[in-house]
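Listed below, chain by chain, are the residues.
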Amino acid sequence: VQLQASGGGLVQAGGSLSLSCAASGRTFSRDYMAWFRQAPGKEREFVAASHWNWIGDSTYYADSVKGRFTISRDNAKNTVSLQMNSLKPEDTAVYYCGVGGSSWPPIYSYGMAYWGKGTQVTVSS
């Protein structure tokens, strides 16, 4: 199983970036897929999560990104994306996609079964 994240970069405050994470090895359509981030000297923190079931796609966001970030998934392509708008300097971090978790929402990093390599997001003021 592999997760490959991409799309990070440098952007000015107020700008936008889109991250993408491609999963391979098996189908993750029934799994919780999430984004976490880790700033220097800080613990990895939850950003957003997606869960697909027969009702549709459920999403959950950290309060710090609610209204600015949007998580989406494409089960046919086994991908999860994170659209980040109105970026702030405090959003600067390495962003990781993860799959796993036994309860919803999967806000704890230790619950993730698989991780992708992080992608750096830097927001300048």
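Treat the numbers as computed from the prediction; the structure is a model and nothing was measured.

**Q** What exactly am I supposed to notice about the side chain of R68 here?
**A** Within the secondary structure, R68 sits in the loop between strand 6 (56-61) and strand 7 (69-74). A relative accessible area of 11% places R68 in the buried class. A distance of 2.7 Å separates polar atoms of two side chains, one belonging to R68 and the other to D91. What R68 contacts, discounting residues up to four positions off in sequence, is Q83, M84, N85, S86, L87, K88 and D91.

**Q** Please clarify how the packing of aromatic side chains should be interpreted in this entry.
**A** Each aromatic ring pair is described using two quantities: the centre-to-centre distance and the angle formed by the ring planes. Enumeration according to the criterion identifies 7 aromatic pairs in this entry. On the numbers, 5.6 Å between centres and 80° between planes, the contact of F36 with F46 is edge-to-face. One end of the pair, F36, is in strand 4 (residues 33-38); the other, F46, is in strand 5 (residues 45-53), and 10 residues separate them in sequence. With a relative accessible area of 9%, F46 lands in the buried category. Their ring planes at 75° and their centres at 5.2 Å tell us that F36 and W115 sit as a pair that is edge-to-face. Taken as a pair, F36 in strand 4 and W115 in strand 10 (residues 112-115) lie far apart in primary sequence, 79 residues in all. Of the residues examined, F36 reaches a relative accessible area of 0% and is grouped as buried. Positioned over the ring face of Y96 is R44, at 3.6 Å from the centre of the ring. Here the guanidinium or amino end of R44 rests over the ring plane of W115, the centre of that ring lying 4.6 Å away.

**Q** Would you mind showing me how to read the pattern of salt bridges here?
**A** Counted according to the given criterion, the structure contains 5 salt bridges. With a closest N to O distance of 3.1 Å, D31 and R26 form a salt bridge. As a salt-bridge pair, R68 and D91 come within 2.7 Å of each other at their nearest N and O atoms. Here R68, found in the loop between strand 6 and strand 7, pairs with D91, found in the loop between strand 8 (79-84) and strand 9 (93-100); they are 23 residues apart in sequence, far enough to count as distant.

**Q** What should I look at first to understand the state of the cysteines in this one?
**A** One covalent bond between the sulfur atoms of two cysteine residues makes up a disulfide. Under the counting rule described, the total for this entry stands at 1 disulfide. The disulfide partner of C21 is C97, and the gap between their sulfur atoms is 2.0 Å. Handedness here is read from the sign of the S-S torsion; for C21 and C97, about 55°, the answer is right-handed. With C21 in strand 3 (residues 17-24) and C97 in strand 9, the pair connects residues that are 76 residues apart, well separated along the chain.

Parameters and conventions
Residues numbered from 1 in each chain as written. Predicted model: local features only at pLDDT ≥ 70, side-chain atom pairs only at ≥ 80, totals over all residues. Heavy atoms only, no water. Helix = DSSP H or I, 4+ residues; strand = E, 2+ residues; numbered from the N terminus. Buried < 20%, exposed > 50% of the residue type's maximum accessible area, 1.4 Å probe, protein only. Polar contact = N/O pair within 3.5 Å; in protein donor to acceptor, adjacent residues only side chain to side chain. Contact = heavy atoms within 4.5 Å. Phe/Tyr/Trp six-rings, centres within 6.5 Å; stacked < 30°, edge-to-face > 60°. Lys NZ or Arg CZ within 6 Å of the ring centre and 35° of its normal. Salt bridge = Lys/Arg side-chain N within 4 Å of Asp/Glu carboxyl O. Disulfide = S-S within 2.5 Å.

So far we have only geometry, and geometry alone does not tell us how the molecule works.
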